[in-house]
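Chain by chain, the residues:
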Amino acid sequence: MDTNKRPDNMLRITTTELANAFIDEQVAAVREQVGDKKVLLALSGGVDSSVVAALLIKAIGKQLVCVHVNHGLMRKGESEQVIEVFQNQLDANLVYIDATDRFLDLLKDVADPEKKRKIIGGEFIKVFDEEARKLENIDFLAQGTIYPDILESDGVKAHHNVGGLPEDMQFELVEPVKLLYKDEVRVVGRALGLPESMVDRQPFPGPGLGVRCLGAITRDRLNALREADAILREEFDNAGLNKTVWQYFIAVPDVKSVGVKDSKRYEGWPAIIRAVNTTDAMSATIEEIPYELLHKITARITAEVEGINRVLYDLTPKPIGTIEWE
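Calculation criteria
Residues numbered from 1 in each chain as written. Predicted model: local features only at pLDDT ≥ 70, side-chain atom pairs only at ≥ 80, totals over all residues. Heavy atoms only, no water. pLDDT = per-residue confidence, 0-100. Contact = heavy atoms within 4.5 Å. Pairing = 2+ DSSP bridges. Helix = DSSP H or I, 4+ residues; strand = E, 2+ residues; numbered from the N terminus. Axes fitted to C-alpha atoms, helices over the stretch in contact; angles between N-to-C directions. Core = buried A, V, L, I, M, F, W, Y, C linked by side-chain atoms within 4.5 Å. Buried < 20%, exposed > 50% of the residue type's maximum accessible area, 1.4 Å probe, protein only.

### Notes on the confidence of the model for the protein chain
For step 1, the next point in the chain: Mean pLDDT for the protein chain: 91, with 94% of residues reaching 70 or above.
For step 2, the next point in the chain: Low pLDDT, under 50, characterises residues 155–163; the stretch is placed with 23 contacts to residues that sit more than four places away or in other chains.

### Looking at the sheet that holds strand β2 (residues 64–70)
For step 1, the next point in the chain: Taken together, 5 strands build an open sheet; the order of strands is β3-β2-β1-β4-β5 and the sheet is parallel. With one partner strand each, in any of the chains shown, β3 (93–98) and β5 (172–174) form the two edges of the open sheet. In this sheet, adjacent strand axes meet at a mean angle of 30° when their direction is disregarded.
For step 2, the next point in the chain: The sheet contact formed by strand β1 (residues 38–42) and strand β4 (residues 138–142) spans 4 bridges and is parallel. From the neighbouring strand, Leu 41 faces β4, where its bridge partner is Ala 142.

### With respect to the nonpolar core
For step 1, the next point in the chain: Judged by nonpolar contacts, the single largest core of 47 residues is most densely connected at Leu 40, Val 69, Leu 222, Phe 236, Ile 250, Ile 301 and Ile 308.
For step 2, the next point in the chain: For this core, the element with the highest residue contribution is helix α9 (residues 219–238), accounting for 7 residues.
For step 3, the next point in the chain: If near-sequence neighbours (up to four positions away) are discounted, Ile 308 is found in contact with Ala 224, Ala 228, Val 252, Tyr 266, Trp 269, Ala 271, Ile 301 and Thr 302.
For step 4, the next point in the chain: In terms of nonpolar packing, the next biggest core, distinct from the first, is built from 40 residues, Val 27, Val 34, Ala 59 and Val 188 among them.

### Quick look at the pairing of strand β7 (residues 257–261)
In regular strands, side chains alternate between the two faces of the sheet.
For step 1, the next point in the chain: Bridge count between β7 and strand β8 (residues 264–277): 5 bridges; the pairing is antiparallel. Within β8, the residue paired with Val 260 across the bridge is Arg 265.
For step 2, the next point in the chain: Hairpin connection between β7 and β8: a loop of 2 residues separates the two successive antiparallel strands, and Asp 262 in this loop has a positive phi of roughly 50°.

In structure tokens form, the structure reads like this:
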């Protein structure tokens, strides 16, 4: 039987009851697969890795070692939330690495988007590898692979969460949600008691804010981006748009324009709002945001965020514009 093929008679998980039945089934399967051995998981704070972590903690507790690497390109409060939920609430065996300086030093003066992605991806694997080597007796690697990953890769799945771990580190994979679609993973996450903000987290690129701080990343501009993005998310949440808009974020280009603040001229960056809807991420439409809300967001960002003096709204659908700017 192909274990990477979803059985035709498998019900779509839409209710807490179905989610609980799935959880019980997976807890038993994981215990059988792992026995008393240790499992390693790269915990990004994204939906898939968070749900896998919560599921495995329920199944094997401290035998799971979660490694969370903060590359300094997370959104505001995300690494803190990982620590709060997993270490403080679920009592996970969590290794937290703040590698902010390491990543930002490597990215200094690098403006090319592909180079930035390569540096971030490559360094992530290095940091994760260093931590993995410090740990004793790890036999299994858990991954947040979900069914669309398998379908897209035609059944051949690279270590998509971790990247290419070195050849000499041989792990057997534990992939408890690999037959689920994203909406089902969210239902399972709720049943496991994860907070809504984690379960409903938007798709977030691996390089994080690194591809939204356009051009060469500087700490001051990255900080401005993080703060502006947090305001956008807060206002969308308050207006209920987090339920209807698929993805929304801020991008900040490396461009300055003149503005006026406290009756003085000053130069600042623009914050560009992107808010799109899509069913498959292949094409995307622009969400029509009420002007009243756009004015409120603009007023808050320009008043509260150091260095930003304009707010723009990107009206470009996909095609022709990609969802991310870089």
